[in-house]
Amino acid sequence: MKVVVDFDLCQSHGLCTQAAPEIFEIRDDGFLYILNETPDDSMKKKLETAVRECPTGAIKLEA
Amino acid sequence: MERIVVVGASLAGLRAVEALRRLGFEGRLTLVGDEPHAPYDRPPLSKQLLRGQWQPERLDLRRGAGLDALDLDLKLGLRAAALDANARRVQLEGGETLDYDGLLIASGCRARKLPFGHGLPGVHVLRTLDDALGLRAALTAAPGPRVCVIGAGFIGLEVAASCRELGLEVHAVEAAALPLAERLGEPVARAVLALHERRGVAMHLGVQVQGLEAEGALHRVRLSSGDVIECEQVVVGIGVKPAVDWLAGTGLDLQDGVLCDAKCMTALSNVAAAGDVARWYNRRYDETMRVEHWTQAVEQANHAAANLLAPAEERTDFAPVPYFWSDQYGLKLQFAGRARAGDAFSVVEGGLEPGEGEEFSRLVGTYRREGKLVGAVAFNRPVQLMGLRREMAAREG
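Note on numbering: residues in each chain are counted from 1, in written sequence order. Whichever chain is written first becomes A and whichever ligand is written first becomes 1, with later ones labelled in order. A pLDDT threshold of at least 70 governs which residues receive local features in this predicted model, and a stricter bar of 80 or more applies before side-chain atom pairs are shown or counted, although totals over entire chains, interfaces and linings include all residues. Hydrogens and water molecules were not included; the side-chain quantities draw on all heavy atoms of the structure.

Our focus in this paragraph is empty space enclosed by the protein. The definitions used throughout rest on a 1 Å grid laid over the protein atoms alone, on which a cavity is an enclosed set of points accommodating a 1.4 Å probe that cannot get out and a pocket is an open set flanked by protein within 12 Å on both sides along at least five of seven lines; lining residues are those having an atom within 4 Å of a point. Grid points are joined across faces, edges and corners, and a volume is the space filled by probe spheres set on the points. Taken as a whole, this structure holds five cavities of 30 Å³ or more when the rule is applied. Estimates place the volume of the largest cavity at around 150 Å³. Lining the largest cavity are 17 residues, and of these A:Pro55, A:Thr56, B:Asp41, B:Pro44 and B:Trp54 lie nearest its centre. For this classification, the nonpolar set comprises Ala, Val, Leu, Ile, Met, Phe, Trp, Tyr, Cys and Pro, the charged set comprises Asp, Glu, Lys and Arg, and every other residue, Gly included, is treated as polar. Its residues assigned to classes, the lining of the largest cavity comprises seven nonpolar, four polar and six charged. Lining the second largest cavity are 15 residues, and of these A:Cys10, A:His13, A:Gly14, A:Cys16 and A:Cys54 lie nearest its centre. Of the residues that constitute the lining of the second largest cavity, the class distribution is ten nonpolar, five polar and no charged.

Structure, rendered in structure tokens:
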């Protein structure tokens, strides 16, 4: 599974950092960082929540 | 359950049908929406769309993936007219009927209107894509019009900010002495007001609109203070009312939305509700509430869909920490939790006023009730805000 973020869309709401803190982090510069772009399937549920809750639809999961 | 009908094809309705399919519902699934458009995202209507930065295609909530994969019986441009709860049947405008085993109510809200003025050209509300495109055409027509925004809530202030960014002269009229004070508390509300004043919005506070007249393109907004605002365009942003007229006569409690229990289920069997039409008991706050925000629609639609499919004894409570945001100029205001008058507000980082050379302050603030954290606000500080939301969510109540 690959985590893809469209950084043109991301507005750093930070909901993904709440849904999947293991994968997403917003740093003090205000930008989002992906901590692990290819997490294993145990993260799938949390990542799907992050995708759904992103207010700008910036996150995608690819196979 | 073989047939499920979802009434409302905006964010909550779409996320509900997506969740139902994801959770394995393979039966007939009907999505009814009164607008002709496929589900689209509303927050950009008052911002990127209004300013002409985005075109409508960009608001597509399915991101171009289309609705086909959801295998829906899609009824767009059709309003639900009535519910026969005994027969388990929704009647649409025009007479078509839809039988269901499960029903999810996500019919949302409509813009509230003034008792006068709305028949005049140049008088707008902003709720739908069509509203926004009409308003955009009016705002971007040369020479730029003068605009009067009636109601300085989030929508009104976002419209005012967009108008200023388009270089237009803007007046904002608000009945309350301080806009947003009820939602944000006085100190934060003052900071937002100060931002709009710095950006050149003429604020008229603590006054009522008593009349609205048009003479050709010129509109006159008459205020209770005796002042008269002359402008070419008027935007009425005085809140919304739940779209529950089609539920009349069902015995459901429809006072300020459709009443649900803690599990987002209405008093009718196998009838759930989600989004800003739903008033439900949020156990976390021991309060029956209706929340008109984007994240609520997403979370509640997913929760209500899961509960609708589950046997009654396995349904779970929906007890979120509400979250919303508002973008005004370059300020991202984020809020989590529930604040009300009397909560103790304190600044925990940054400040309410911008420092020298800064356009916006960076603020993290908390609201406490009897010492307990009940709300958090941030200006351009998402990390801290989400940390506080996590802290509130981790607690039982």
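Another point: the packing of helix α1 (residues 11-22) of chain B against helix α6 (residues 294-309) of chain B. Residues and elements named next belong to chain B. Relative orientation of the contacting elements α1 and α6 amounts to 40 degrees, with a least axis distance of 8 Å. Considered as vectors, α1 and α6 are oriented oblique to each other. Judged by the sense of rotation from one axis to the other, the crossing of α1 with α6 is right-handed. Judged by residue contacts, Leu-11, Ala-12, Arg-15, Ala-16, Ala-19, Leu-20 and Arg-22 of α1 engage Trp-294, Ala-297, Val-298, Ala-301, Asn-302, Ala-305 and Leu-309 from α6. Its residues assigned to classes, the contact of α1 with α6 shows eleven nonpolar, one polar and two charged. In this description, a line fitted to the C-alpha atoms serves as the axis of each element, helices being fitted only across the stretch in contact, and the angle between N-to-C directions of two axes falls anywhere from 0 to 180 degrees. The secondary structure listing takes helices from DSSP runs of H or I that are at least 4 residues long and strands from runs of E that are at least 2 residues long, numbered from the N terminus. To sort the angles, those under 35 degrees are grouped as roughly parallel, those over 145 as roughly antiparallel, those from 65 to 115 as roughly perpendicular, and the leftovers as oblique. In this scheme the crossing of two helices becomes right-handed for a clockwise turn of the near helix relative to the far one and left-handed for an anticlockwise turn of less than a right angle. Two residues qualify as a contact provided that any one of their heavy atoms is within 4.5 Å of a heavy atom in the partner residue.

Residue and element names in this part refer to chain B. Across the junction of Ala-142 and Pro-143, the peptide omega takes the value -10 degrees, indicating a cis bond. With respect to the helices and strands, the residue Pro-143 is situated in the loop between α2 (129-139) and β10 (147-150). Here Arg-63, not a glycine, exhibits a phi torsion of approximately 50 degrees, which is positive. Inspection of the secondary structure puts Arg-63 in the loop between β2 (28-33) and β3 (73-76).

We count a salt bridge whenever a side-chain nitrogen from Lys or Arg sits within 4 Å of a carboxyl oxygen from Asp or Glu. The final tally for this structure, using the stated rule, is 34 salt bridges over all chains. Between A:Glu25 and A:Arg27 there is a salt bridge, with the nearest N and O atoms lying 2.8 Å from each other. Working definition: with a 1.4 Å probe on protein chains only, accessible area under 20% of the residue-type maximum means buried, over 50% means exposed, and in between means partly exposed. What makes A:Glu25 partly exposed here is its relative accessible area of 32%. Put simply, B:Lys75 and B:Asp73 hold a salt bridge, and the shortest N to O gap is 3.7 Å. Overall, the relative accessible area of 14% leaves B:Lys75 in the buried class.

Residues and elements named next belong to chain B. Classification of ring pairs rests on two measures: the distance between centres of Phe, Tyr or Trp rings, Trp counted by its six-membered ring, which must be within 6.5 Å, and the angle between planes, read as stacked under 30 degrees, edge-to-face over 60 and tilted in between. Scanning the model with the defined rule gives seven aromatic pairs over all chains in all. Relative to Phe-324, the ring of Phe-154 lies with its centre 5.1 Å away and its plane at 65 degrees, an arrangement referred to as edge-to-face. Of this pair, Phe-154 sits in helix α3 (residues 154-165) while Phe-324 sits in strand β22 (residues 323-328), placing them 170 residues apart in sequence. Classification of Phe-154 by relative accessible area gives buried; the value is 13%. According to the relative accessible area criterion, Phe-324 is buried, its value standing at 5%. Look at Trp-294 and Trp-325: their rings are 6.1 Å apart centre to centre, the planes differ by 65 degrees, and that puts the pair in the edge-to-face class. Note that Trp-294 is positioned in helix α6 and Trp-325 in strand β22, a separation of 31 residues in sequence. Across the pair, exposure class does not vary: Trp-294 and Trp-325 are buried alike. Within the aromatic cluster, the residues linked to one another by ring pairs are Phe-154, Phe-324, Phe-335, Phe-345 and Tyr-367.

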